[in-house]
Structure formats: structure tokens, C-alpha cells
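# Descriptive analysis of the structure
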Amino acid sequence: MPRRKTECASIAPTPSTYLPHPRYTRLALPQREQSASNESTLLTLALRRQYFHTDGADLVGLLCISKSLSGGESDIASTHHIYNTLQREHPDVIETLTTPNWYFDRKGEVGEGQDPWYKSSILYTERDGNRVWNKIDPNNVTSLGRFNTGPDAVIPPLSAAQLHALQILEETATKLALHMILEPGDIQLLANGHVLHARTAYKDWPAGSVDENGRERVRRHLMRLWLAVPESEGGLKTPFHDSDVKKRGGIQVGDVAPVCPLDAE
Ligand SMILES: [Fe+2]
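Residues numbered from 1 in each chain as written. Predicted model: local features only at pLDDT ≥ 70, side-chain atom pairs only at ≥ 80, totals over all residues.

### So, the confidence of the model for the protein
For the protein, per-residue confidence averages 81 on the pLDDT scale, and residues scoring 70 or more make up 77% of the total. By mean pLDDT, helix 1 (residues 31–36) is the weakest element of the protein at 45, and helix 6 (residues 160–176) is the strongest at 98. Predicted confidence for residues 24–42 stays below pLDDT 50, and this span has 27 contacts to residues more than four positions away or in other chains. (pLDDT = per-residue confidence, 0-100. Helix = DSSP H or I, 4+ residues; strand = E, 2+ residues; numbered from the N terminus. Contact = placed C-beta atoms within 7 Å.)

### Section: helix 6
End to end, helix 6 covers 24 Å across 17 residues, agreeing with the expected 24 Å (1.5 Å per residue, within 8%). When we look at burial in helix 6, the residues that qualify are Gln162, Ala165, Leu166, Ile168, Leu169, Thr172 and Ala173. (Expected span 1.5 Å × (residues − 1). Buried ≥ 20, exposed ≤ 12 C-beta atoms within 10 Å, placed from the backbone.)

### Some points on the sheet that holds strand 10 (residues 178–180)
With respect to topology, four strands assemble into an open sheet ordered 2-12-5-10, the strand pairing being antiparallel. Each of the sheet's edge strands pairs with one partner strand only, and the pair in question is strand 2 (50–53) and strand 10. The mean angle between the axes of side-by-side strands here comes to 20 degrees, regardless of whether they run parallel or antiparallel. Of the strand pairs in this sheet, strand 5 (residues 74–78) and strand 12 (residues 195–199) are connected by five bridges, and their pairing is antiparallel. Across the sheet, the residue bridging to Ser78 is Val195, located in strand 12. This element, helix 2 (residues 79–89), spans strand 5 and strand 12 of the sheet and lies at about 60 degrees to strand 5. (Pairing = 2+ DSSP bridges. Axes fitted to C-alpha atoms, helices over the stretch in contact; angles between N-to-C directions.)

### A few points about the pairing of strand 5
Direction of pairing for strand 5 relative to strand 10: antiparallel, over a ladder of three bridges. Along strand 10, the bridge assignment pairs Ser74 with Met180.

This is the structure we're talking about:
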């Protein structure tokens, strides 16, 4: 069953989006660039690199409908390969990544009775097996300044060891990665907990841009799918509270109704 996704690529957060479209929208830009961008005169916009991360499902699918003007390429790296490499080269980092004292930002998608963050480790094992899983988005652990700084801080900031671990994790994934360029029609399917993914920065045409013949320019457009099923339906046994919940994974916020837009919003 597809689960909604709002944060992976360059789309603005929307409630319970079941079929998101990773594509440029003005809201995907930083605030400063949103106000500065004049779409009638600005020819290209650059979107920043996405560092190695996981999404929120068991299986992540990406269908390339059209490519960007430049960049926007994919990198993937095996969690198991990363784990084995870190065990040899940085055992201290393994210790840090498996300690469940990391705070993850819910980015405002907070259900009733929830804190604006949750606490977990970044590396963990399946409940009844030895397979290593990975759950990380660097953006969600480095964005908590509003809660972990100043006199009103309610959670601790990232420690020096955690900042070091993030750096080594990214460097190791980069070193071991497979680089992929998706062409229109290509589909990428990843076992989300066992494969990290990243995306290079890209440039694209602004919305409504036309060529010298007045034809609308083709812009980057992908469709993403999240798949997850509860344990009772054959799903993997994760250590998370929703492992056997019907609506497992994704970003659930109360009873917000799901939507399935047919194009980027
Ligand atoms: Fe992603």
C-alpha cells in the first residue's frame, strides 16, 4: 500500500500525499529565493544536493518521467556495506549511530499527543534477525535548533560525537555509492532500510518557461512511491511501534485524509 511522502525531494509538504511528484515548485526553494525568484525572467533555478538518507517505507520507488536541465542524479549505497566498512574503519562511529539518543525533527507534522520530535538510533537490527537497518535523514537531526538551543532548550543539541558520525556516515556512503542517472521511463526500486539514497544538485527551467518557438520546456518530473505492509501481512519486523499497524510507515498525522495529486502541487 502506498504511503505518503512529503520531504524526500523538492516538493512542498502537503497533507497525506499518497503519490508525490518530486519536481520543482517555488515552495521547494529556500525562503530567500522564493521571494527573489521572478519566474518571467529567471531562466534556471538550482536546487541543492540531498545528502544520503532513507525515506519512510519498506520499499521506495521512483519513476522518471522527465529529467532536469542538468544534475538531479541518483546515488545509492548499501547499509550493510557501510556498516561493515565502519566496523573496520570507525568502530566509534558505529557505537554512536546505534545509540538511541538521536532526536529527529517531525518538521511540524505532529499528531495529537506527540512531541515535535522523536528519539531513535540511526542504525538498528530487525527484531528477530541480524539484518542491519538504517533510518536517517540528516536534515531531520540538524534542524532542531529551535528546541535544543538557548535558555528554553528542551532537548540536548547534537554532541561532537554525533556531528562526527554524521560526517563519517556521509563520507563512507559517498565512497561506496553506485551512481545512477535515471532516464525517462526508468524506475528505481530500493529496499529503503537497507539502501541509502542521495541526489545531486540540479538546475531546471522555471514553471511556464518556453523555448524560442514558444513551446513549453520540459522540466524535471518524477513520481515516487512508498510501499509498506504491517507484520501481519508479511511486512518486515521493525523495532518501531507501528510495525504491525495497518497504516505503517510514512508520516502519519492523526486522521488527515490522504490525497493523490496527478501533478506536482
Ligand atoms: Fe528520499
